[in-house]
Amino acid sequence: MTTNSAAIDTSISIHGLWPGQDATRPGLALFSLVLGVAKAFRLTTTSTFRLPLYLPTSLHSSHHRRLPSSRHSLSSSSPPPLLLCRCAGTSSSSPSPSSSSPYPSPSTIPSTLAWASSLLLSHQVPDAELSAEYLLIHTLQLPATTPRAALFEYGRKKKGEEMEIPEATLAAYHSLLLRRGQRREPVQYLVGSWDFHRVHLLVLPPILIPRPETEELVEWVLEEEKREGGRERGREGGGRPLRFLDIGCGTGAIGLALLNAFREEAPARALSCVALDPHPTAGYLARENGARLNFPPHVYEVVAGAIGEEEEEEEEEREGGLISRLLAAATGGGEGGREGEGGREGGREGGRFDFLVANPPYIPEEDMDGLQPEVKAWEDRGALAGGDKDGTRIIRAILNEAPRLLKRMEGGRVWMEVDASHPALFAAEEEEKMKRNVKGGMRLIEWRRDLSGRPRFCCWAWKGEEEGEGEGEGEGGAKRN
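A quick note: this is a predicted structure, and the numbers were derived from the prediction, not measured.

**Student:** Help me understand the packing of helix H7 (residues 212-227) against helix H9 (residues 253-265) in this model?
**Tutor:** Relative placement of two packed helices is described by the angle separating their axes and the distance separating the axes. Two elements in contact, H7 and H9, have axes separated by 10 Å at closest approach and are oriented at 40°. Classed by the angle they form, the pair H7 and H9 counts as oblique. H7 and H9 meet at a crossing whose hand is right-handed. Between H7, through Thr214, Leu217, Val218, Val221, Leu222, Glu225 and Lys226, and H9, the contact on the second element is made entirely by Ile254, Ala257, Leu258, Ala261, Phe262 and Glu265. Classifying every residue of the contact of H7 with H9 gives nine nonpolar, one polar and three charged.

**Student:** Would you take a moment to explain the pairing of strand E7 (residues 242-247) for this structure?
**Tutor:** Two faces belong to every sheet, and in a regular strand the side chains alternate between them. Burial runs high along E7: six of the six residues are buried. The side-chain alternation of E7 yields two buried faces, one formed by Leu242, Phe244 and Asp246 and the other by Arg243, Leu245 and Ile247. Following the chain from E7 across H9 to the adjacent parallel strand E8 (residues 271-277), one finds a crossover that is right-handed. Examined bridge by bridge, E7 and strand E10 (residues 355-358) share four bridges and lie parallel to one another. Within E10, the residue paired with Leu245 across the bridge is Leu356.

**Student:** What am I meant to see in the nonpolar core here?
**Tutor:** If you look at soluble globular proteins, the nonpolar side chains tend to sit buried side by side. Core analysis: the largest hydrophobic core is formed by 42 residues, its most contacted members being Leu245, Leu356, Leu405, Val414, Met416 and Trp460. Ranked by residue count, the leading element in this core is helix H15 (residues 393-405), at seven residues. Aside from chain neighbours lying at most four places away, what touches Met416 is Leu217, Ala358, Pro360, Ile395, Ile398, Leu399, Arg456, Phe457, Cys458 and Trp460. Counting residues in hydrophobic clusters, the runner-up holds 33 residues, among them Leu201, Leu271, Phe295 and Phe457.

**Student:** Explain unusual backbone geometry to me, please; I cannot follow it from the model alone.
**Tutor:** Only a minority of non-glycine residues have a phi that is not negative, and only a minority of peptide bonds are not trans. Pro106 follows Ser105 through a cis peptide bond whose omega is 0°. Take Pro106: it is sitting in the loop between strand E2 (83-87) and helix H2 (109-122). With an omega of 5°, the peptide bond running from Pro205 to Pro206 counts as cis. Locating Pro206 in the fold gives a position in the loop between strand E6 (199-202) and H7. Backbone geometry at Asp127 places phi at a positive 55°, although glycine is not the residue there. Its location among the elements puts Asp127 in the loop between H2 and helix H3 (128-139).

**Student:** What exactly am I supposed to notice about the environment of Ser131 here?
**Tutor:** Structurally, Ser131 can be placed in helix H3. Residues Ser131 and Leu120, 11 residues apart in the sequence, show an inter-C-alpha distance of 8.3 Å. Sequence-distant contacts of Ser131, defined by excluding residues within four places in its chain, comprise Leu120, Val125, Pro126, Arg180 and Val187.

**Student:** Can you walk me through the packing of aromatic side chains in this structure?
**Tutor:** Under the defined criterion, the tally for this structure stands at seven aromatic pairs. Ring geometry for Phe355 versus Trp415: centroids 5.5 Å apart, planes at 85°, classification edge-to-face. Here Trp415 lies in strand E11 (residues 413-417) and Phe355 lies in strand E10, a separation of 60 residues in the sequence. Here Phe355 matches Trp415 in class, with each residue buried. If you follow Arg269 out to its NZ or CZ, it ends over the ring of Phe262, 5.5 Å from the centre.

**Student:** Can you help me understand the environment of Ala172 in this one?
**Tutor:** In this structure, Ala172 sits in helix H5 (residues 167-181). Between the C-alpha atom of Ala172 and that of Leu136, which follows or precedes it by 36 residues, the distance is 9.6 Å.

**Student:** What am I meant to see in the packing of H3 against H5 here?
**Tutor:** Interaxial distance between H3 and H5 falls to 10 Å at its minimum, and their mutual angle equals 140°. Taken together, the axes of H3 and H5 lie oblique to each other. Viewed along their axes, H3 and H5 form a crossing whose handedness is right-handed. The segment H3 lies against H5, with Ser131, Ala132, Leu135, Leu136, His138 and Thr139 engaging Thr169, Ala172, Tyr173, Leu176, Leu177 and Arg180. Tallied by class, residues from the contact of H3 with H5 come to seven nonpolar, four polar and one charged.

**Student:** Teacher, can you tell me more about the pattern of salt bridges here?
**Tutor:** When the charged atoms of two side chains lie near each other, side chains of opposite charge can form a pair. Within the structure shown, the criterion is met by 21 salt bridges. Among the ionic pairs, Glu224 bridges to Arg448, the shortest N-O distance being 3.9 Å. In this pair, Glu224 sits in helix H7 while Arg448 sits in strand E12 (residues 442-449), placing the two residues 224 residues apart along the sequence. In terms of burial, Glu224 and Arg448 fall into one category: buried.

**Student:** What should I look at first to understand helix H16 (residues 422-435) in this one?
**Tutor:** Because an α-helix packs 3.6 residues into every turn, residues spaced three or four apart end up facing the same way. Between the first and last C-alpha of H16 there are 20 Å, a value that for 14 residues agrees with the 20 Å anticipated at 1.5 Å per step. Here H16 has its buried residues at His422, Pro423, Phe426, Ala427, Glu430 and Met434. Buried residues of H16, viewed axially, fall in a sector of 125°; they line one side. The elements touched by buried residues of H16 are H15, E12 and strand E13 (455-462).

**Student:** Please explain the side chain of Thr146 as it appears in this structure.
**Tutor:** Following the sequence through the fold, Thr146 ends up in the loop between H3 and helix H4 (148-154). Polar side-chain contacts of Thr146 include one of 2.6 Å to the backbone oxygen of Pro143.

**Student:** Before we go on, may I ask you to explain the environment of Ala150 in this structure?
**Tutor:** Within the secondary structure layout, Ala150 lies in helix H4. A relative accessible area of 33% means that Ala150 is categorised as partly exposed. Sequence separation of Ala150 and Ile137 is 13 residues, and the distance between their C-alpha atoms is 10.0 Å.

Rules behind the numbers
- Residues numbered from 1 in each chain as written.
- Predicted model: local features only at pLDDT ≥ 70, side-chain atom pairs only at ≥ 80, totals over all residues.
- Heavy atoms only, no water.
- Axes fitted to C-alpha atoms, helices over the stretch in contact; angles between N-to-C directions.
- Helix = DSSP H or I, 4+ residues; strand = E, 2+ residues; numbered from the N terminus.
- Parallel < 35°, antiparallel > 145°, perpendicular 65-115°, else oblique.
- Left-handed = near helix turned anticlockwise from the far one by under 90°.
- Contact = heavy atoms within 4.5 Å.
- Nonpolar A, V, L, I, M, F, W, Y, C, P; charged D, E, K, R; others polar.
- Buried < 20%, exposed > 50% of the residue type's maximum accessible area, 1.4 Å probe, protein only.
- Right-handed = clockwise from strand over helix to strand, strands pointing away.
- Pairing = 2+ DSSP bridges.
- Core = buried A, V, L, I, M, F, W, Y, C linked by side-chain atoms within 4.5 Å.
- Phe/Tyr/Trp six-rings, centres within 6.5 Å; stacked < 30°, edge-to-face > 60°.
- Lys NZ or Arg CZ within 6 Å of the ring centre and 35° of its normal.
- Salt bridge = Lys/Arg side-chain N within 4 Å of Asp/Glu carboxyl O.
- Expected span 1.5 Å × (residues − 1).
- Arc of directions from axis to C-beta.
- Polar contact = N/O pair within 3.5 Å; in protein donor to acceptor, adjacent residues only side chain to side chain.

As structure tokens, then:
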């Protein structure tokens with residue numbers, strides 16, 4: 001055991017455990033002996049013993065496995081909050097908890113975090129320590145990107161002395177903890193913002209919270225774009241102009257992260273992203289986040305709508321329909337479109353996208369009831385449930401519309417995050433097309449696993465106008481990584 005004079009204090013005083021008891025009575029002899037030894041060695045000041053705070057392994061759903069991490073993630077090298085017992089000698093000045101206050105005493109940052117973690121664990125909240133730390137950072141009005149070590153340093157007024165948190169601040173913190181524990185409200189909604197791939201985004205319920213797995217999709221798109229020679233004329237000259245469509249943008253996470261990365265790599269490059277989402281709160285968040293990242297509307301434009309949900313294909317095709325509005329937005333014509341750029345048809349020819357990217361609703365219906373309370377009770381069901389028994393209805397609708405949205409060149413790609421069951425399903429369909437010698441159309445060319453090993457992402461490429469079945473068997477198929 002180790003001692004630490006600045007340790008967390010739960011103020012359990014030995015001399016107060018059995019008040020009024022005679023130490024010479026049977027059963028208390030050992031206690032009297034220990035107390036006598038303590039007095040002999042003048043242990044009248046407090047000594048503390050470290051008791052590890054037990055954190056069970058979190059059980060997460062197969063679709064949302066862990067609390068999304070910040071790019072300024074809490075340092076794994078920093079010591080976790082520890083629950084410490086302060087064992088006092090005979091000093092009457094030893095602090096003890098107030099019977100009328102629900103808060104820890106003393107209310108130092110380490111002791112407050114230990115108390116908060118225990119409270120959240122009592123409600124079976126996963127990642128209780130992380131939740132407690134993020135919520136305390138928010139309550140203390142520290143920058144959202146404050147790392148863990150800095151939080152502990154903030155509470156130290158001087159060496160060996162810890163700052164105590166005012167009771168009014170503790171009350172506000174307690175309120176957030178109850179919302180997190182009793183209502184299982186996600187941390188991201190409680191703090192109102194979150195990091196995603198080097199950008200900081202506002203978040204509001206019920207819009208889907210950006211996940212760390214989706215950052216891997218962003219990295220894949222950047223990797224392929226760089227491989228295709230996106231920076232043809234160097235950093236100063238920029239690369240070829242690039243425009244893309246982010247389908248189901250939510251907070252704007254994917255599109256804005258890509259724009260930010262492309263801008264950092266080649267500041268002079270001509271960039272534009274059209275973001276699509278049917279939810280009005282998503283539209284507000286995406287526009288606000290785009291403005292906060294200094295992307296003007298002609299670079300980042302949000303269109304209201306949903307492929308495969310609100311409009312039939314014939315309606316989408318007509319002037320003023322969704323597809324027409326997307327193509328008009330790609331040329332700078334706005335949601336309502338505009339004359340110029342060759343009129344409507346000119347806009348259609350000039351307004352196609354280099355690639356499409358999406359994190360669509362994809363969870364199979366049978367899996368919806370098994371989601372975590374944080375997901376099922378708080379996030380928009382329309383952004384989660386993929387439709388049909390296997391959860392592929394929206395994915396297939398996007399693939400069906402992709403040829404009208406992509407530029408008329410072979411290789412135009414569609415990247416999507418999908419359910420773990422989908423890569424094998426789409427790969428089997430691709431193999432069947434190969435056997436039937438079906439040519440053209442949107443073809444699955446590769447799928448990848450996320451860092452936890454789960455099949456997670458798919459990439460399709462435009463192979464020209466689709467032709468019917470032929471004789472003979474094809475070779476190859478989708479690449480797997």
